[in-house]
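The residues making up each chain are set out below.
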Amino acid sequence: PRAATHGDSMLLIVRAINLNQGAEPEDMLSIRAWIEPGRVLTLRHRQSRSLKAIAAELDAGTGPTGVGELTALLVERVLEYITTRVDTLSDVIAACEDQVLVETRGELRTQLADQRRRAIALRRFLAPQREALGKLAQIPVSWLDATARRRIVESADRMTRTVEELDAARDRAAVTQ
């Protein structure tokens with residue numbers, strides 16, 4: 001995410017996996033949130049499952065109760081889909097590695113090249129987001145309490161591990177290819 005502060009308000013931009021029908025997951029979508037004490041406004045061009053899930057929880061009366069909690073939850077939800085996508089990509093590459101041991105086909109090289117391209121595309125957005133999550137928890141705004149800050153730090157650590165897994169998958173695909 002990127003964050004720009006203005007007093008006790010913040011503009012947060014988070015990149016999320018595009019799970020809309022017909023879209024490539026690597027064609028990430030952008031969620032923009034204007035966050036201030038007592039209010040969060042979100043904007044996006046395409047639908048986001050993360051935002052839909054949070055909205056459904058709020059409608060049901062089970063969602064976050066404060067702005068800091070909502071911000072931490074948004075980051076966590078976006079990260080869940082990112083982690084799932086990276087794990088899937090890693091599994092596909094592992095299956096290709098196993099297949100290389102038993103047969104050699106030209107289409108396998110094409111598949112590996114495609115998976116490497118996907119890993120590279122994801123990393124282009126996720127590596128900077130990893131750094132920004134670490135900084136987000138340190139921004140001095142009154143509505144981000146200690147619990148929300150801890151959750152965001154945990155998300156930053158999880159994003160670091162996810163980017164490392166993505167790098168490993170990309171490197172394994174290159175070696176296998």
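Remember, it's a predicted structure, so these values are computed and weren't measured experimentally.

### What to know about the overall build of the chain
Reasoning step 1: When you go through the chain residue by residue, the secondary structure sums to 4 helices and 4 strands.
Reasoning step 2: Counted from the first residue to the last, the chain has its helices and strands arranged as β-β-β-β-α-α-α-α.
Reasoning step 3: Projected onto the principal axes, the alpha-carbon positions of the chain cover approximately 60 × 30 × 25 Å.
Reasoning step 4: The proportion of buried residues among the 177 residues of the chain is 43%.
Reasoning step 5: Here the contacts in the chain between residues at least 6 apart in sequence split such that 60% fall between residues at least 24 apart.
Reasoning step 6: Carbon and sulfur atoms provide 50% of the accessible area of the chain, an area that totals close to 9400 Å².
Reasoning step 7: The positive charge centre, built from 26 side chains, and the negative charge centre, built from 25, are 5 Å apart in the chain.

### Quick notes on the pattern of salt bridges
Reasoning step 1: One pass over the full model with this rule turns up 14 salt bridges.
Reasoning step 2: With a closest N to O distance of 2.8 Å, Arg118 and Glu24 form a salt bridge. Taken as a pair, Arg118 in helix α3 (residues 106-136) and Glu24 in the loop between β2 (9-16) and β3 (29-36) lie far apart in primary sequence, 94 residues in all.
Reasoning step 3: With relative accessibility at 41%, the residue Glu24 sits in the partly exposed group.
Reasoning step 4: For Glu76, the salt bridge is made with Arg151, and the minimal N-O distance between the two is 2.6 Å. Pair noted here: Glu76 is in helix α2 (residues 67-102) and Arg151 is in helix α4 (residues 146-176), with a separation of 75 residues, a long-range link.

### Thoughts on the pairing of β2
Working note: regular strand, side chains alternate between the two faces of the sheet.
Reasoning step 1: By the criterion of burial, β2 is predominantly enclosed, with 6 of the 8 residues buried.
Reasoning step 2: In this structure, β2 lies alongside β3, joined through 7 bridges in antiparallel fashion. The partner of Ile13 across the bridge, within β3, is Arg32.

### Here we look at the nonpolar core
Reasoning step 1: Among the nonpolar cores identified, the biggest contains 46 residues, and Ile82, Leu122, Leu126 and Leu136 are the most heavily contacted of them.
Reasoning step 2: Sorting the residues of this core by element identifies β2, β3, α1 (49-60), α2, α3 and α4 as the ones contributing at least two each.
Reasoning step 3: At 13 residues, α2 tops the list of elements feeding residues into this core.
Reasoning step 4: Those residues in contact with Ile82 that sit more than four places away from it in its chain are Arg15, Ile17, Met28, Leu126, Gln129, Met159 and Thr162.

### Overview of empty space enclosed by the protein
Reasoning step 1: In total, this model carries 2 cavities of 30 Å³ or more according to the counting rule given.
Reasoning step 2: Its volume calculated, the largest cavity comes out at about 60 Å³.
Reasoning step 3: Taken together, Ala16, Ile17, Leu19, Asn20, Leu29, Gln47, Ser48, Arg49, Ser50 and Tyr81 make up the full set of residues lining the largest cavity.

### Topic: α1
Reasoning step 1: Between its terminal C-alpha atoms α1 stretches 16 Å, which fits the 16 Å expected from 12 residues at 1.5 Å a residue.
Reasoning step 2: For α1, every residue scored as buried is listed here: Ser50, Leu51 and Ile54. Seen along its axis, α1 keeps its buried residues to an arc of 95 degrees; they face one direction. Residues of α1 that are exposed and point more than 90 degrees away from the buried face comprise Lys52, Asp59 and Ala60.
Reasoning step 3: Of the residues flanking the start of α1, the one acting as N-cap is Ser48, its side-chain oxygen 3.3 Å from the backbone nitrogen of Ser50.
Reasoning step 4: Positioned one or two residues after α1, Gly61 has a phi angle of 80 degrees, which is positive.

Calculation rules
Residues numbered from 1 in each chain as written. Predicted model: local features only at pLDDT ≥ 70, side-chain atom pairs only at ≥ 80, totals over all residues. Heavy atoms only, no water. Helix = DSSP H or I, 4+ residues; strand = E, 2+ residues; numbered from the N terminus. Buried < 20%, exposed > 50% of the residue type's maximum accessible area, 1.4 Å probe, protein only. Contact = heavy atoms within 4.5 Å. Areas by Shrake-Rupley, 256 points an atom, 1.4 Å probe, with all protein chains shown as cover. Lys, Arg positive; Asp, Glu negative; His and termini not counted. Charge placed at Lys NZ, Arg CZ, Asp CG, Glu CD. Salt bridge = Lys/Arg side-chain N within 4 Å of Asp/Glu carboxyl O. Pairing = 2+ DSSP bridges. Core = buried A, V, L, I, M, F, W, Y, C linked by side-chain atoms within 4.5 Å. 1 Å grid on protein atoms, 1.4 Å probe; cavity = no way out; pocket = protein on both sides within 12 Å on 5 of 7 lines; lining within 4 Å. Points joined across faces, edges and corners; volume = space filled by probe spheres on them. Expected span 1.5 Å × (residues − 1). Arc of directions from axis to C-beta. Polar contact = N/O pair within 3.5 Å; in protein donor to acceptor, adjacent residues only side chain to side chain.

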